Amino acid sequence: MMNSESAPTPTPTTRRRFLSRAITTIHTAIVGVIGIIAGGAVTSPVLERAKENWLPAGRVSDLPENDPLAVTLRIVREDGYTVTVDRRTVFLVRTGASVVTALDSTCTHLGCRVSWDTSAQVLRCPCHGGTYDRTGKVMSGPPPAPLTTLVARIEGDQVLVQI
Ligand code: FES
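Residues numbered from 1 in each chain as written. Predicted model: local features only at pLDDT ≥ 70, side-chain atom pairs only at ≥ 80, totals over all residues. Heavy atoms only, no water.

1. Focus on the overall build of the protein chain
Keep this limit in mind: Helix numbers and strand numbers start at the N terminus; a helix is a DSSP run of H or I with at least 4 residues, a strand a run of E with at least 2. Residue contacts are counted whenever heavy atoms from the two residues lie within 4.5 Å of one another. Calculation of accessible area relied on Shrake-Rupley with a 1.4 Å probe; when residues are assessed, cover is drawn exclusively from the protein chains displayed.
Each helix and strand in the protein chain was counted, giving one helix and 11 strands. Going from N to C terminus, the protein chain has its helices and strands arranged as α-β-β-β-β-β-β-β-β-β-β-β. Across the protein chain, the fraction of contacts at a sequence separation of at least 24, relative to all contacts at a separation of at least 6, is 46%. Accessible area for the protein chain stands at about 11200 Å²; split by element, carbon and sulfur atoms hold 58% of it.

2. Brief notes about the sheet that holds strand 3 (residues 82-96)
Rules: Pairing between strands is defined by DSSP: at least two bridges between them are needed.
Strand order in this open sheet of four strands is 2-3-4-9, and the pairing throughout is antiparallel. Of all strands in the sheet, those bounded by a partner on one side alone are strand 2 (69-79) and strand 9 (149-150). With six bridges joining them, strand 3 and strand 4 (residues 99-104) adopt antiparallel strand pairing. Each bridged residue has a counterpart across the sheet, and for G96 the counterpart in strand 4 is V99.

3. Focus: the pattern of salt bridges
Selection rule: For this analysis, a salt bridge means a side-chain nitrogen from Lys or Arg found within 4 Å of a carboxyl oxygen belonging to Asp or Glu. Residue burial is assigned from relative accessible area. The probe radius is 1.4 Å, only protein chains are included, and a residue is buried under 20% of its type maximum, exposed over 50%, and partly exposed in between.
If you walk through the whole model with that rule in mind, you get seven salt bridges. In this structure, D104 and R88 form a salt bridge, with 2.9 Å as the shortest nitrogen-oxygen distance. Residue D104 is located in strand 4, and its partner R88 is located in strand 3; the two are separated by 16 residues in the primary sequence. Under the relative-accessibility criterion, R88 is labelled partly exposed at 24%.

4. Digging into the side chain of R94
Condition: Polar contact is defined as a pair of N or O atoms within 3.5 Å, subject to the rule that within protein one atom must be able to donate a hydrogen and the other to accept it, and that residues adjacent in sequence are counted only when both atoms are side-chain atoms.
Its place among the elements puts R94 in strand 3. By relative accessible area, which is 15% here, R94 ends up buried. Looking at R94, its side chain comes within polar contact range of the main-chain oxygen of L63, at 2.9 Å. Polar side-chain contacts of R94 include one of 3.2 Å to the backbone oxygen of G96. Residues in contact with R94, not counting those within four places in the same chain, are V60, L63, P64, E65, N66, V99 and V100.

5. Looking at the sheet that holds strand 6 (residues 122-124)
If you walk across this open sheet you meet the four strands as 5-6-7-8, and the pairing is antiparallel. What marks the edges here is a single partner per strand, and that holds for strand 5 (115-117) and strand 8 (138-140). Where strand 6 and strand 7 (residues 131-132) come together, two bridges link them in antiparallel fashion. Among the inter-strand pairings, L123 is bridged to a residue of strand 7, identified as Y132.

6. A short note on the side chain of T131
Position of T131 among the secondary structure elements: in strand 7. You can call T131 buried: its relative accessible area is 7%. Among residues more than four places away in sequence, those in contact with T131 are V122, L123, R124, K137, V138, M139 and S140.

Right, dumping it as structure tokens:
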């Protein structure tokens, strides 16, 4: 016995419409994925730059008053699959019970690393004899500008330096 009421067979128009919708959906998905990737590539560096990076530099109670203390900060930077570790020497200068300044140790003349000369009470550059006072101000020699002051804050007994 044959069934006279069989299901209608798909017409070419229905198949064409289905394929058209499928292709449109695939295109939309591809454009969406590309948009997400491109958006991330554009916004990620901006967000990374905006992110504050505070590194613990030492304890306030360990800092001698008015004698800059050199500390080395370990800076970890992640860029995709690459991780680099930089080291940066800064001087922590405590000038009060809870007043700490952080100075970059890089001489502003040609980039040598300065060190604290306790007897002369100056930060001295070994390369061309430039000297700075404990606030980073140029005292003598060729440096054209004071040492860079980094943003620092105190949390409890901890000195944090912004990199
Ligand atoms: Fe420091 Fe020249 S590099 S005085």
